[in-house]
Amino acid sequence: MSAFKLGFLTHVHGPGKDLRTVLRELLTVFAEAEELGFDGGWVAQHHFRTDYGRLPSPLVFFGAVAARAPRLRLGTAVTVLPLEDPIRLAEDAAVLDALTGGALELGFGTGGANTDAFARFGQDPAHRHRLHDDNLGTLRLALGGSVLQPPTPALGDRLWQATSDVTRAAAIGRAGDGLLLGTAVHDPRKVQRPLAEAYAAASVRPRFGIVRAVFPAKDRQAAQDDLAPALEIHRRNFAELTGLSPEEHLARINVHHGSTEEVVESLHADPALLGLLNPDSWFLPVVQHEMSDVDADIERLRVIATEIAPALGWRR
Amino acid sequence: MTFHLGFLTHVHGEGRVPAGRLYRDLVELFAAAEELGYQSGWVAQHHFQPEHGRLPSPLVLLAAAAERTRRIHLGTAVTVLPLEDPVRLAEDAIVLDALSGGRLQLGLGSGTPVVDDFAVFGRDVGNRHAEYDRHLRTLTEALTGHELSERLWESSLRPQVLTDAAVSGRGLLLGVGPADRVQAGLAAGYLDAGPRTPRIAAVRGIFPGSSRAAAAAQLETDVARYRSLHVRAGWAPHEDISLTELLRLMNVQHGTREDIVESLRADPVFAGPGTHLIAAVQAESSTLGQALDRLETIATKIAPELGWRP
């Protein structure tokens, strides 16, 4: 049995590209990942972004993936739940889940990285936790009730949540949902481990989706050279990263990089990864950076599926 | 005359066809229709319907159809606009339009007062027209400068909505009700407002059979439920009208190929200002095979008689 499920997560970057090109390339990545034996592909939802975070409609995109790469499981990490109508979201999810034969994994966040989008939806980001919890309650009722068509009760067991709050992590465990870790800048030892422990203590059957940037290359220097322009862009969005050296920056945001051996060693040393993964859990490498091209992304996925993940106990 | 030929389905599923099979069949219907030369395929949005109208999320399904096809345009007839968040709808529509290479045709309607789906969304069905107008403003603002603005359609009985649609470059969708004479009046109002490039789609049930009577008899059970729906909508005088009269009021063309060609030539919308003929070929109990047969007959025998070339 495989030690975990292997997926990948993309934030759907594409500075200067038109949306048609961005989405055609993204479909190619999903099709290649299916060929490589990945268990699933995950996307992040962002609103009103022009260069980075180009996908506001994950489930519409997944409709196309269902036709192009029907063997992949399809996940969101995350859907910005405060900005969704939970009934319409439940309907979209139900249709997609029926279309794909039950392949959907639905992950929710409160929108901490999307606070600039709330006003356009007539919402106040200060209320984002309450909006998230209310909408999740409505969505859960819809999935479990008799009104929603098509009926999709099983999807209730494939919900995930992200949080940076230990109390909320325990509540996610009690609710029976999976816990997504590493969707933003979170220190694995000081932040993610306490979240994981609080969650696991409260959960009957814990399952984790753990996001890690993974950039295999010839060696560490080659990976750092490739990542340098992306780090410049990334730094602008996070004040706490100002003044760090590239090495420090990469360490802070958990970028595992270098040769296959170096990446495997670095992932083994990650304090909130292999010790948490189980067969119900997902390892979700991010291989796209702000400036990367699609062929390089696919090559990194190939190295992960053929060399790195097998060394960590993953089996196709 | 030349016209654009499309098809429409309300996504019925006789008996207990599982939703997954129903949706995958629907994607194949788009692929088959494209092969036959159809220029567009349209799906209707219905909420919370277990048997009739089983698709609440047209854009998710059309994304799958987009990936399975190359040329055929992908339409909604209609999206129930008062029940959508117009900003999220604009986002979904732009993503689908990009995925399909600019093939989305987005049809909008205000919903019907005879079902209780508004309450589930926490909305008052009595406000549906005001909500429609408000959401349309937000949607069109969000789409400003996007080429999709040229591919919006509206289905409405309100003269002011149709005038605005004409002035703003949106098309007019005329569906299973009211009867064709009333629709001809709506189309005239739309044209009077002076649209630069008028687009008027006649959605018509088209059911070929060995004779008018035989085709009508095949539809009798399926259309029975429309007697009360049509009376409640004000489109039929009472429920005791004959089957022939009900089918006429529903704009259902049926019979031999010759019968259908003749009745379409007499259709005051299609044979008048209509630019698009959208064939609805699925009744409630229709199988996928029957729908495919009807699409083929229409594309190879009926539409060419009327001047259409694939």
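Draft legend 1. View of the overall build of chain B. Of regular secondary structure, chain B possesses 12 helices and nine strands. Taken against the 2.2 N^0.38 rule, which gives 19 Å for 310 residues, the C-alpha radius of gyration of chain B at 18 Å falls within 12% of a compact globule. In terms of principal-axis extent, the alpha carbons of chain B reach across some 50 × 45 × 45 Å. Looking at chain B as a whole, 52% of its 310 residues qualify as buried.

Draft legend 2. Region of the structure containing the overall build of chain A. Each helix and strand in chain A was counted, giving 10 helices and nine strands. Taking 316 residues into account, the globule formula puts the C-alpha radius of gyration at 20 Å, and chain A, at 18 Å, falls close to it. Counting only C-alpha atoms and orienting by the principal axes, one finds that chain A spans roughly 55 × 45 × 40 Å. In chain A, which comprises 316 residues, the proportion classed as buried is 49%. Residue pairs in contact within chain A that sit at least 24 positions apart in sequence constitute 78% of those at least 6 positions apart.

Draft legend 3. Summary view of the pairing of strand β7 (residues 208-216) of chain A. Residues and elements named next belong to chain A. The buried fraction of β7 amounts to eight of the nine residues, a majority that puts the element mostly inside the structure. Pairing geometry for strand β6 (residues 178-181) and β7, over three bridges, is parallel. Residue pairing across strands places Leu180 opposite Gly209, the latter belonging to β7. Pairing analysis gives five bridges linking β7 to strand β9 (residues 282-286), with the strands arranged parallel. Pairing of Arg212 across the sheet is with Pro285, part of β9.

Draft legend 4. Quick look at the pairing of strand β2 (residues 40-43) of chain B. All names here are of chain B. Of the two faces of β2, both are covered, the one formed by Ser40 and Trp42 as well as the one formed by Gly41 and Val43. Sheet topology places strand β1 (residues 4-9) next to β2; four bridges connect them, and they run parallel. When the bridges of β2 are listed, Phe7 appears paired with Gly41. With four bridges connecting them, β2 and strand β3 (residues 73-80) associate as parallel partners. The residue of β3 that forms the bridge with Gly41 is Leu74. In this fold, β2 hands off to helix α2 (residues 58-68), which returns the chain to β3; that crossover is right-handed.

Draft legend 5. The nonpolar core, seen in detail. Core analysis: the biggest nonpolar cluster contains 187 residues, and Phe61 of chain A together with Leu61, Ala63, Leu96, Leu174, Val203 and Ile278 of chain B have the highest contact counts within it. The biggest single contributor to this core is helix α3 (residues 86-99) of chain A, with nine residues. The contacts of Ala63 of chain B, once residues within four sequence positions are left out, are Val60, Phe61, Gly63 and Ala64 of chain A together with Leu96 and Leu99 of chain B.

Draft legend 6. Region of interest: helix α2 (residues 58-68) of chain A. Counting buried positions along α2 of chain A yields 10 of 11 residues, so the element is predominantly enclosed. Residues of α2 of chain A that are buried: Pro58, Leu59, Val60, Phe61, Phe62, Gly63, Ala64, Val65, Ala66 and Ala67 of chain A.

Draft legend 7. Quick peek at the interface of chain A and chain B. On the chain B side, the residues contacting the 28 residues of chain A number 32 residues. Put simply, the parts of the chain that give the side of chain A that touches chain B at least two residues each are α1 (19-36), α2 and α3 of chain A. A per-class count over the side of chain A that touches chain B returns 17 nonpolar, four polar and seven charged.

Draft legend 8. Here's a closer look at the confidence of the model for chain B. Across chain B, the average pLDDT comes to 94, with 98% of residues at 70 or higher. Both confidence scores are given for the complex: pTM 0.97, ipTM 0.97.

Draft legend 9. Just the packing of helix α5 (residues 166-175) of chain A against helix α6 (residues 188-202) of chain A, in detail. Residue and element names in this part refer to chain A. Two numbers describe how α5 lies on α6: the axes approach to 7 Å, and their chain directions differ by 35°. Considering only the axes of α5 and α6, their crossing is right-handed. Two secondary-structure elements touch here, α5 through Val166, Ala169, Ala170, Ile172, Gly173 and Arg174 and α6 through Pro194, Leu195, Ala198, Tyr199, Ala200, Ala201 and Ala202.

Draft legend 10. Focus on the environment of His47 of chain A. Residues and elements named next belong to chain A. On the secondary structure map, His47 appears in the loop between β2 (40-43) and α2. Residue classification places His47 among the buried positions, given that 20 C-beta atoms sit within 10 Å. Not counting the four nearest positions on each side in its chain, His47 is found in contact with Pro56, Leu83, Asn114 and Ala117.

Draft legend 11. Molecular detail of the packing of α2 of chain A against helix α3 (residues 86-99) of chain B. The N-to-C vectors of α2 of chain A and α3 of chain B enclose an angle of 25°; their axes lie 8 Å apart at closest approach. Here α2 of chain A is positioned roughly parallel relative to α3 of chain B, judged by the angle of their axes. Crossing handedness for the pair α2 of chain A and α3 of chain B: right-handed. Counting all contacts with α2 of chain A, which are made through Val60, Phe61 and Ala64 of chain A, the residues of α3 of chain B involved are Asp92, Val95, Leu96 and Leu99 of chain B. Considering only residue class, the contact of α2 of chain A with α3 of chain B consists of six nonpolar, no polar and one charged.

What counts, and at which threshold
Residues numbered from 1 in each chain as written. Chains lettered and ligands numbered in written order. Predicted model: local features only at pLDDT ≥ 70, side-chain atom pairs only at ≥ 80, totals over all residues. Helix = DSSP H or I, 4+ residues; strand = E, 2+ residues; numbered from the N terminus. Rg over C-alpha atoms; globule rule 2.2 N^0.38 Å. Buried ≥ 20, exposed ≤ 12 C-beta atoms within 10 Å, placed from the backbone. Contact = placed C-beta atoms within 7 Å. Pairing = 2+ DSSP bridges. Right-handed = clockwise from strand over helix to strand, strands pointing away. Core = buried A, V, L, I, M, F, W, Y, C linked by C-beta atoms within 7 Å. Nonpolar A, V, L, I, M, F, W, Y, C, P; charged D, E, K, R; others polar. pLDDT = per-residue confidence, 0-100. Axes fitted to C-alpha atoms, helices over the stretch in contact; angles between N-to-C directions. Left-handed = near helix turned anticlockwise from the far one by under 90°. Parallel < 35°, antiparallel > 145°, perpendicular 65-115°, else oblique.

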